[in-house]
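What follows is each chain in one-letter form.
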Amino acid sequence: MEVDFLLIGQGLAGSILSYRLIKAGFKVCLVDDGSPASSSKVAAGLYNPITGRKMVKTWQADILFDEIETFYRELETVLNQNFLHPTGIYRPFISYEEQNEWLSKSADSQYDRYIGKIVREPGFPGVSDPFGGLLLKSSGYLDIKKMLESYRSWLLKRGSLIQGRFSEAQLTADASGNWQFQEIRAPKLVFCNGIGVKDNSFYNWVPFTPVKGEILTVRQAFKSHEIINRGVFRIDLGNGIGKVGSTYNNREIDLEPTAAGKREILDKLRQLVPIEVSAIIDHQVGIRPAMRDRRPVMGRHPKKENVFLFGGLGAKGVSLAPYFSKEMTEYLISGKEPQKEVNINRFFKYI
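Heads up: these notes are all about the structure in this document.

Rules behind the numbers
- Residues numbered from 1 in each chain as written.
- Predicted model: local features only at pLDDT ≥ 70, side-chain atom pairs only at ≥ 80, totals over all residues.
- Heavy atoms only, no water.
- Phe/Tyr/Trp six-rings, centres within 6.5 Å; stacked < 30°, edge-to-face > 60°.
- Helix = DSSP H or I, 4+ residues; strand = E, 2+ residues; numbered from the N terminus.
- Buried < 20%, exposed > 50% of the residue type's maximum accessible area, 1.4 Å probe, protein only.
- Axes fitted to C-alpha atoms, helices over the stretch in contact; angles between N-to-C directions.
- Parallel < 35°, antiparallel > 145°, perpendicular 65-115°, else oblique.
- Contact = heavy atoms within 4.5 Å.
- Nonpolar A, V, L, I, M, F, W, Y, C, P; charged D, E, K, R; others polar.
- Pairing = 2+ DSSP bridges.
- Patch = residues over 30% accessible without salt bridge, like charges linked within 9 Å, V, L, I, M, F, W, Y side chains within 5 Å.
- Areas by Shrake-Rupley, 256 points an atom, 1.4 Å probe, with all protein chains shown as cover.
- Salt bridge = Lys/Arg side-chain N within 4 Å of Asp/Glu carboxyl O.
- Lys, Arg positive; Asp, Glu negative; His and termini not counted.
- Charge placed at Lys NZ, Arg CZ, Asp CG, Glu CD.
- Left-handed = near helix turned anticlockwise from the far one by under 90°.
- Expected span 1.5 Å × (residues − 1).

On to the packing of aromatic side chains. A full pass over the atoms with the stated rule returns 21 aromatic pairs. Here the aromatic rings of tryptophan 205 and phenylalanine 348 are separated by 6.2 Å at their centres, their planes lie at 65°, and the arrangement is edge-to-face. Here tryptophan 205, found in the loop between strand 15 (188-191) and strand 16 (211-220), pairs with phenylalanine 348, found in the segment after helix 7 (317-334); they are 143 residues apart in sequence, far enough to count as distant. The class of tryptophan 205 is buried, set by a relative accessible area of 13%.

Next comes the structure, spelled out in structure tokens:
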């Protein structure tokens, strides 16, 4: 079968990029083994405009957040599913100084679209917020697993997915530079398989810095319409169930849940929501495909004109993917170079 693009990986990056290419009228085929341990399927899927311990506006928030809800709503319509959950995020302050800082920021027009409310006194029952907190808007979470599974079914119906593990040994190139993988032939090859690119000869030099993250699903007599986020996040799934995480471990890169990770999450949850956890329902692990500089990576291979990379979305993949997939699509179609902060040429020195 002849297609325009052969994509390796059907995680968040591969799924969203492939949809944009299909929407633009191109024939696309993806190769993916459907691994349940994929970081995309384990991730909580938060999109949050104010991040980090210092509570700062996330990098390029104004352009990223223009795309998020519009894109995922469109995909929901195409797939006839509901997986986007716009939800306020409540971030308790750690001091009156921080409260005063955000009272000042609330008067700044650049924060209008993100600040829902400044809470000046304890205002959320069950939450440890002695100094009040910041209630964010333009935020929420994506049920990534549901999105990927429904998109996978859509691809299968179109005949656009090879279910199986990609092996470079099965990849061949003809005299014209076209790539052949099993019955698929394509002039352009795009790797979207996260840290899996470390296993192929094309991109094993790219400095991915994988990070292991653990997430718990817990039973707790606490209910909140908002995501509570400070130190850890807690997403209320209803019926006394919450998803809580996550850890960041760049030393032990494996898929084994750890007692230390569980303890860290529960300790931080206890500080944030000091209500007893009566049961741990699930303990999941994923490996985030992060980059050393915490920016996505995208562009053409320095020596192979028809081989490309799109990835490195890391912990903020839900926020980054809609906008940067559009930028990557423009590059693949028209050759418009990605912006320098994400361009793969920043890593050519490692070859």
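Let us look at the packing of helix 1 (residues 12-23) against helix 3 (residues 61-79). Direction vectors running N to C along helix 1 and helix 3 enclose 75°, while the axes themselves pass 12 Å from each other. The orientation of helix 1 with respect to helix 3, classified from their angle, is roughly perpendicular. Listed contacts from helix 3 to Leu12, Ile16, Tyr19, Arg20 and Lys23 of helix 1 are Glu67, Phe71, Tyr72, Glu74, Leu75 and Val78. Classifying every residue of the contact of helix 1 with helix 3 by side-chain character gives seven nonpolar, no polar and four charged.

The next thing to look at is the sheet that holds strand 12 (residues 171-173). Two pairing modes exist for strands in a sheet, parallel and antiparallel, and in both the strands are linked by backbone hydrogen bonds. Read from one edge to the other, the open sheet built from three strands follows the order 12-13-14, with strand pairing classed as antiparallel. Both outer strands of the open sheet, strand 12 and strand 14 (184-186), are each paired with one neighbouring strand and no more. Each strand axis lies, on average, 20° off the axis of its neighbour in the sheet, ignoring direction.

Spatial strand order, 11-2-1-15-22-21: six strands in an open sheet with mixed pairing. The two strands at the open ends of the sheet, each matched to only one other strand, are strand 11 (161-163) and strand 21 (297-300). Direction aside, the axes of adjacent strands within the sheet are offset by 20° on average. As defined by bridge partners, strand 2 (residues 28-32) adjoins strand 11 across three bridges and the pair is classed as parallel. Counterpart to valine 31 in the pairing with strand 11 is isoleucine 162. The strands touched by helix 5 (residues 144-158) are strand 2 and strand 11; relative to strand 11, the strand with the most contacts, the crossing angle is about 105°. Along the sheet, helix 7 makes contact with strand 1 (5-8), strand 15, strand 21 and strand 22 (307-311), crossing strand 22 at roughly 170°.

This part covers a positive patch on the surface. On the surface, Arg53, Lys54, Arg294 and Lys316 cluster together into a patch of positive charge. Within the secondary structure, lysine 54 is located in the loop between strand 4 (50-51) and strand 5 (56-57).

On to the pairing of strand 16. Judged by how many residues are buried, strand 16 sits mostly within the fold: nine of ten residues are covered. Bridge count for strand 16 against strand 19 (residues 241-245) is five bridges, and the pairing is antiparallel. Paired with valine 218 across the two strands is glycine 242, which belongs to strand 19.

Between helix 1 and helix 5, whose axes approach to 11 Å, the crossing angle comes to 45°. As the angle between them shows, helix 1 and helix 5 are arranged oblique. Of the two elements, helix 1 crosses helix 5, and the hand of that crossing is left-handed. Contacts from Leu12, Ser15, Ser18, Tyr19 and Ile22 in helix 1 reach Ile144, Met147, Leu148, Tyr151, Trp154, Leu155 and Arg158 in helix 5.

Both faces of strand 17 (residues 227-230) are covered, namely the face carrying Ile227 and Asn229 and the face carrying Ile228 and Arg230. Pairing between strand 7 (residues 89-92) and strand 17: two bridges, direction parallel. Across the sheet, residue isoleucine 89 finds its bridge partner in strand 17, namely isoleucine 227. Relative to strand 18 (residues 232-238), strand 17 runs antiparallel, the two being bridged by three bridges.

This paragraph deals with the pattern of salt bridges. Opposite charge on two side chains makes pairing possible when the charged atoms of those side chains draw close. According to the stated counting rule, one finds 18 salt bridges in the structure shown. For aspartate 267, the salt bridge identified is with arginine 270, shortest N-O distance 2.9 Å. On the criterion of helical spacing, the pair formed by aspartate 267 and arginine 270 is a turn pair, its members being three residues apart in helix 6 (residues 259-272). We classify aspartate 267 as partly exposed; its relative accessible area is 34%. Linked through salt bridges whose partners overlap, the residues forming this network are Glu2, Asp174 and Arg185.

Take helix 7 next. If you check helix 7, its first and last C-alpha atoms are 24 Å apart, about what 18 residues at 1.5 Å a residue would give, namely 26 Å. The buried fraction of helix 7 amounts to 14 of the 18 residues, a majority that puts the element mostly inside the structure.

A separate point is unusual backbone geometry. Of note, the bond from glycine 245 into serine 246 is cis; its omega dihedral lies within 30 degrees of zero at -10°. Tracing the backbone through its elements, the reader meets serine 246 in the loop between strand 19 and helix 6. Unlike most non-glycine residues, methionine 55 shows phi in positive territory, near 50°. By the secondary structure assignment, methionine 55 is in the loop between strand 4 and strand 5. Given a relative accessible area of 0%, methionine 55 falls into the buried group. Even without being glycine, arginine 294 reaches a positive phi, approximately 60°.

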